[in-house]
Amino acid sequence: MTRTRVQTAARQAELPMLHAYRLWFEHARKCAEGCKRVSKAQDGCENGQALWDAYRQAYSGGAE
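Residues numbered from 1 in each chain as written. Predicted model: local features only at pLDDT ≥ 70, side-chain atom pairs only at ≥ 80, totals over all residues. Heavy atoms only, no water.

Focus: the packing of aromatic side chains
Under the definition given, this model contains seven aromatic pairs. Ring centres of Tyr21 and Trp24 lie 5.5 Å apart, and the angle between their planes is 50 degrees; on these two criteria the pair is classed as tilted. Of the two residues, Tyr21 and Trp24 both sit in helix H2 (residues 16-30), three residues apart, roughly one turn of that helix. Take Tyr21: its relative accessible area is 33%, and that puts it in the partly exposed class. Look at Trp52 and Tyr55: their rings are 4.8 Å apart centre to centre, the planes differ by 45 degrees, and that puts the pair in the tilted class. With a gap of three residues between them, Trp52 and Tyr55 both fall in helix H3 (residues 46-59), about one helical turn apart. Like Tyr55, Trp52 is buried. Clustering of aromatic rings is evident, with ring pairs tying together Tyr21, Trp24, Phe25, Trp52, Tyr55 and Tyr59. (Phe/Tyr/Trp six-rings, centres within 6.5 Å; stacked < 30°, edge-to-face > 60°. Helix = DSSP H or I, 4+ residues; strand = E, 2+ residues; numbered from the N terminus. Buried < 20%, exposed > 50% of the residue type's maximum accessible area, 1.4 Å probe, protein only.)

Thoughts on H2
The end-to-end C-alpha separation of H2 is 22 Å, in line with the 21 Å expected for 15 residues at 1.5 Å each. Those residues of H2 that sit buried are Ala20, Arg22, Trp24, His27 and Ala28. (Expected span 1.5 Å × (residues − 1).)

Considering the packing of H2 against H3
For the pair H2 and H3, the least separation of the axes is 8 Å and the interaxial angle reads 160 degrees. Between H2 and H3, the crossing angle belongs to the class labelled roughly antiparallel. In this structure, the crossing between H2 and H3 has a hand that is left-handed. Here H2 contributes Pro16, Met17, Ala20, Tyr21, Leu23, Trp24 and His27 to the contact with H3, which in turn contributes Asn47, Gly48, Leu51, Trp52, Ala54, Tyr55, Ala58 and Tyr59. Tallied by class, residues from the contact of H2 with H3 come to twelve nonpolar, three polar and no charged. (Axes fitted to C-alpha atoms, helices over the stretch in contact; angles between N-to-C directions. Parallel < 35°, antiparallel > 145°, perpendicular 65-115°, else oblique. Left-handed = near helix turned anticlockwise from the far one by under 90°. Contact = heavy atoms within 4.5 Å. Nonpolar A, V, L, I, M, F, W, Y, C, P; charged D, E, K, R; others polar.)

A few points about the environment of His27
Note that His27 resides in helix H2. With residues up to four places along the chain from it excluded, the contact list for His27 reads Cys35, Cys45, Asn47, Gly48 and Leu51.

Digging into the nonpolar core
Residues Ala20, Trp24, Ala28, Cys31, Cys35, Ala41, Cys45, Trp52 and Tyr55 constitute the largest nonpolar core, which totals nine residues. Looking at this core, the elements that each hand over two or more residues are H2 and H3. Per-element tally for this core: the top contributor is H2, with three residues. Other than its neighbours up to four places away in sequence, Cys31 contacts Lys36 and Cys45. (Core = buried A, V, L, I, M, F, W, Y, C linked by side-chain atoms within 4.5 Å.)

Any functional reading would require information beyond the geometric quantities listed.
Rendered as structure tokens:
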């Protein structure tokens, strides 16, 4: 298997909570709108806040 196929397989097997966190983390690392400079995720840009809310919902099992 090539490296790309392994990465794709790993992402397909990724838990929803971990997937949501990874999306937020990747956004926050690259965000030019302010997510890099805040101490709390909910204080970031609108997109960052939406990604964090999706993570919190996945973390709680969708109970929110």
